[in-house]
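Summary of structural features
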Amino acid sequence: LIMKNKTICIFGPNIREGGGKVLFIHFIKHFIEKHPNKKIKIFCNKEILKELLILKVDADYIEINNFLTHIFYLFKKIDNCLYFGNLPPIRKGENTYLYFHNIFLTNIVTSEFNLKRRIQFSVIKFYIKVFKKNITTIFCQSDLVKNSFKNTFNTNNVKVLPFYKCFPKSHTNNKIYDFCYVSNAEPHKNHILLLEALKILASKNIFPSIVFTVEKDKIYNQREKFRKTLIKQIKYYKDKYSLKITNLGKVNIDTVQRIYRESKCIIFPSKNESFGLPLLEAQEMDIDILPIDLPYVREVINPEVTFKDDKKDCAFKMNNYIKNYHYENNRNFVVLKRNKINELINYLLN
């Protein structure tokens, strides 16, 4: 039976950007829309709080903006809580769940990250190993993540319950860009592969248009050096080879939808993903997908065409797509993962 008066807690003060932020906000909004009379308490940072207030999300809020306050609340006994930021509580509560969505916190190779980031991953992994006992059930987005988590943390208490935001249907042939890549500045996002592929195409006098969303403003110190380097690389390739690159910088979810509507195809070269949200966000949009050929892709969709982690193959597949594109015959993939957001909510309610 559902307990009518209990407060449902959503804990995510370390959620700040990217796919985690999209999922966090979507889960909260969906929960409130489906259960408007339920009491809900949200633990988040000031940036997320600001967005939720703009969206008029009616809930109780606990604002957490620093490490010590975060630790303080991890020590508190919080019942009926979904810990959304990969970290279990230090003190066990009743009916506590963990949504794990960072594949880099398992035993995956992280050599592309700097030493400081790798040490950070190691510390967090040790923390999870110690305190995973305080979680009733662990949820993740794919079998790939589930198996990696089980092997890393030696536990079988993991269930696959993927969820994602379904964008509204859009049928328009008003396309501005040939390709889009909605992604932030992280080494594994593999932007350089696209730049090299575009360089190859430019040498053949082929200039497809592409839009990036690499943040132009400082975000986090831990990846500031890489972000600056990537921004310089994009400008260098664009200027030297006359590439048709548009970088919109950091964008909100409404702009992401607009980018999809205005693009023929999502190109997705990322080397590692816990889920790869854009692969599923495109399902309701009139847009194709051209992804890299890696296992995480085939966890969520069955693509008609993929490319290897190779600049020549990427360039070849991009050129083939442009030559064979027909608006009437788009959408070249099959979705394999069903949206289970309501099943996840039911765990919290029961």
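In this text the structure is predicted, and so the values were computed from the model without any measurement.

With that out of the way, let us pick up the overall build of the chain. A tally of helices and strands in the chain yields 12 helices and 14 strands. For the C-alpha atoms alone, the extent of the chain along its principal axes is close to 65 × 45 × 35 Å. For the chain, the proportion of its 350 residues judged to be buried stands at 54%. When the accessible surface of the chain is summed, it comes to about 16800 Å², and 50% of that surface belongs to carbon and sulfur atoms. Taken as two groups, the 58 positive and 33 negative side-chain charges of the chain have centres that lie 5 Å from each other.

Now for the nonpolar core. I10, F24, F27, I42, F212, I267 and M318 are the most contacted members of the largest nonpolar core, which has 83 residues in total. No other element matches the 8 residues that helix α6 (residues 191-203) contributes to this core. Once residues within four sequence positions are removed from consideration, F27 is found in contact with I10, L82, F163, I341, L344, I345 and L348. Counting residues in hydrophobic clusters, the runner-up holds 29 residues, among them C9, Y73, L87 and F100.

Quick look at helix α12 (residues 341-349) now. Here α12 has its buried residues at I341, L344, I345, L348 and L349. Taken around the axis of α12, the buried residues stretch over an arc of 140°, which confines them to a single face. Those residues of α12 hidden inside the fold are in contact with β1 (7-11), α1 (18-34), β4 (81-83), β5 (96-99) and β6 (137-140).

The next subject is the sheet that holds strand β3 (residues 60-63). Backbone-to-backbone hydrogen bonds join strands into a sheet, with any given pair of strands oriented parallel or antiparallel. Sheet architecture is open: 7 strands sit in the order β3-β2-β1-β4-β5-β6-β7, paired in parallel fashion. Whereas interior strands pair on both sides, the edge strands pair on one side only; in this sheet they are β3 and β7 (158-160). Geometrically, the sheet is characterised by an average inter-axis angle of 20° between neighbouring strands, direction not taken into account. Here β5 pairs with β6 via 3 bridges, running parallel. The residue bridging L98 from the neighbouring strand is I138, located in β6. Running at roughly 170° to strand β2 (residues 39-44), α1 makes contact with β1, β2 and β4 of the sheet.

So, about the sheet that holds strand β9 (residues 209-212). Spatial ordering of the open sheet is given by β10-β9-β8-β11-β12, a layout of 5 strands whose pairing is parallel. Each end of this open sheet is capped by a strand with a single partner; those strands are β10 (244-247) and β12 (288-291). This sheet shows a mean twist of 25° between the axes of neighbouring strands, independent of strand direction. Pairing between strand β11 (residues 263-268) and β12: 4 bridges, direction parallel. Each bridged residue has a counterpart across the sheet, and for C265 the counterpart in β12 is D288.

Across the interface, α1 lies against α12 with an axial gap of 11 Å and an inter-helix angle of 70°. On the basis of the axis angle, α1 is roughly perpendicular to α12. Residues H26, F27, H30, F31 and K34 of α1 touch α12, and the partners they reach there are I341, N342, L344, I345, L348 and L349. Looking at side-chain class alone, the contact of α1 with α12 contains 7 nonpolar, 3 polar and 1 charged residues.

In this section: the pattern of salt bridges. Per the stated rule, a full pass over the model turns up 13 salt bridges. We note a salt bridge from E262 to R258, for which the minimum N-O separation is 3.2 Å. Notably, a salt bridge pairs K317 with D313, separated by 3.4 Å at the nearest N-O pair. Of this pair, K317 and D313 are both found in helix α11 (residues 311-324), 4 residues apart, which corresponds to roughly one turn of the helix. For the pair shown, K317 and D313 are each scored as buried.

The next thing to look at is the environment of E215. By secondary structure assignment, the location of E215 is in the loop between β9 and α7 (224-241). Once the C-alpha coordinates of E215 and F149 are considered, the two residues, 66 residues apart in sequence, prove to be 30 Å apart.

A word on the pairing of β1. The side chains of a regular strand alternate, first on one face of the sheet and then on the other. Here β1 lies mainly inside the structure; 4 of its 5 residues are buried. Judged from the 5 bridges that link them, β1 and β2 form a sheet pairing that is parallel. The residue bridging I8 from the neighbouring strand is I40, located in β2. The parallel pair β1 and β2 is bridged by α1, and the resulting crossover is right-handed.

Conventions we followed
Residues numbered from 1 in each chain as written. Predicted model: local features only at pLDDT ≥ 70, side-chain atom pairs only at ≥ 80, totals over all residues. Heavy atoms only, no water. Helix = DSSP H or I, 4+ residues; strand = E, 2+ residues; numbered from the N terminus. Buried < 20%, exposed > 50% of the residue type's maximum accessible area, 1.4 Å probe, protein only. Areas by Shrake-Rupley, 256 points an atom, 1.4 Å probe, with all protein chains shown as cover. Lys, Arg positive; Asp, Glu negative; His and termini not counted. Charge placed at Lys NZ, Arg CZ, Asp CG, Glu CD. Core = buried A, V, L, I, M, F, W, Y, C linked by side-chain atoms within 4.5 Å. Contact = heavy atoms within 4.5 Å. Arc of directions from axis to C-beta. Pairing = 2+ DSSP bridges. Axes fitted to C-alpha atoms, helices over the stretch in contact; angles between N-to-C directions. Parallel < 35°, antiparallel > 145°, perpendicular 65-115°, else oblique. Nonpolar A, V, L, I, M, F, W, Y, C, P; charged D, E, K, R; others polar. Salt bridge = Lys/Arg side-chain N within 4 Å of Asp/Glu carboxyl O. Right-handed = clockwise from strand over helix to strand, strands pointing away.

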